[in-house]
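The chain contents come next:
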Amino acid sequence: MAGCEQITVGYKWPGLSPWKEIEPRYAYKFSKEKGRRAKSVRVVLGALIIKEKKNLTDEETILEIQENPYLQYFLGFESYQEDPIFEASLMVYFRKRLGSEIIVEVNELIAK
């Protein structure tokens, strides 16, 4: 049954997820001139959704995404990535950056 859940998450959710609507709210928090390029909201929010739906730790989430092409598709990757997409420790920063306001907005957009 785990395969069915993966396919559902990978193929059903991208059309329901409001990536484009949330990206500007997330992107404004980053400088365009300084530092590394930020991960897209699709990768950040998608990883957090995977973590919660599958009840995983941050480390388990990164490993699950690394091993599963369906989950990588869900996050917007066009081809399979063998390496981890980011360090598990970044999940803490993602949760802080998104904040409860954006999470509530995502829930409302999905509910529409």
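What you see is a predicted model, and the numbers here were worked out from it, not measured in a lab.

Some points on the overall build of the protein
Stage number 1. Each helix and strand in the protein was counted, giving six helices and zero strands.
Stage number 2. Helices and strands appear in the protein in the N-to-C order α-α-α-α-α-α.
Stage number 3. By residue count, 35% of the 112 residues in the protein fall in the buried class.
Stage number 4. Looking at the protein alone, contacts between residues at least 24 apart form 68% of all its contacts between residues at least 6 apart.

A closer look at the nonpolar core
Stage number 1. Counting residues in hydrophobic clusters, the biggest one holds 21 residues, and the most contacted among them are I65, F86, M91 and L98.
Stage number 2. Listed by contribution, the elements that provide at least two residues to this core are α3 (41-54), α4 (58-67), α5 (69-74) and α6 (90-111).

Regarding α4
Stage number 1. Inspection of α4 places D58, T61, I62, E64 and I65 among the buried residues, and these make up the whole buried set. Buried residues of α4, seen end-on, are gathered within an arc of 160° and therefore sit on one face of the element. Exposed and facing more than 90 degrees away from the buried side of α4 are E59 and E67.

Concerning the side chain of Q72
Stage number 1. Topologically, Q72 is positioned in helix α5.
Stage number 2. Ignoring sequence-local partners within four residues, the contact set of Q72 consists of I65, Q66, F77, S79, Y80 and Q81.

Digging into the packing of aromatic side chains
Stage number 1. Taken as a whole and judged by the stated rule, the model has one aromatic pair.
Stage number 2. Between F86 and F94 the ring centres are 4.9 Å apart and the planes differ by 85°, which places this aromatic pair in the edge-to-face class.
Stage number 3. Owing to a relative accessible area of 6%, F86 belongs among the buried residues under this scheme.
Stage number 4. The exposure class of F94 is buried, given its relative accessible area of 2%.

Remarks on the packing of α3 against α4
Stage number 1. Where α3 meets α4, the closest approach of the two axes is 10 Å, and the angle between their N-to-C directions is 110°. Between α3 and α4, the angle falls in the class roughly perpendicular. For the pair formed by α3 and α4, the contact residues are A47, I50, K51 and K54 on the first element and D58, T61, E64 and I65 on the second.
Stage number 2. Tallied by class, the residues present in the contact of α3 with α4 amount to three nonpolar, one polar and four charged.

Some details on the pattern of salt bridges
Stage number 1. Counted by the stated rule, this structure contains three salt bridges.
Stage number 2. For K51, the salt bridge goes to D58, with nearest N and O atoms at 3.9 Å.
Stage number 3. Given the relative accessible area of 15%, K51 is considered buried.
Stage number 4. The closest approach of N and O atoms between R95 and D58, which form a salt bridge, is 2.9 Å. With R95 in helix α6 and D58 in helix α4, this residue pair connects regions lying 37 residues apart in the sequence.
Stage number 5. Here the salt bridges share partners, and the residues they tie into one network are K51, D58 and R95.

Conventions we followed
Residues numbered from 1 in each chain as written. Predicted model: local features only at pLDDT ≥ 70, side-chain atom pairs only at ≥ 80, totals over all residues. Heavy atoms only, no water. Helix = DSSP H or I, 4+ residues; strand = E, 2+ residues; numbered from the N terminus. Buried < 20%, exposed > 50% of the residue type's maximum accessible area, 1.4 Å probe, protein only. Contact = heavy atoms within 4.5 Å. Core = buried A, V, L, I, M, F, W, Y, C linked by side-chain atoms within 4.5 Å. Arc of directions from axis to C-beta. Phe/Tyr/Trp six-rings, centres within 6.5 Å; stacked < 30°, edge-to-face > 60°. Axes fitted to C-alpha atoms, helices over the stretch in contact; angles between N-to-C directions. Parallel < 35°, antiparallel > 145°, perpendicular 65-115°, else oblique. Nonpolar A, V, L, I, M, F, W, Y, C, P; charged D, E, K, R; others polar. Salt bridge = Lys/Arg side-chain N within 4 Å of Asp/Glu carboxyl O.

Nothing here speaks to function; it is all geometry.
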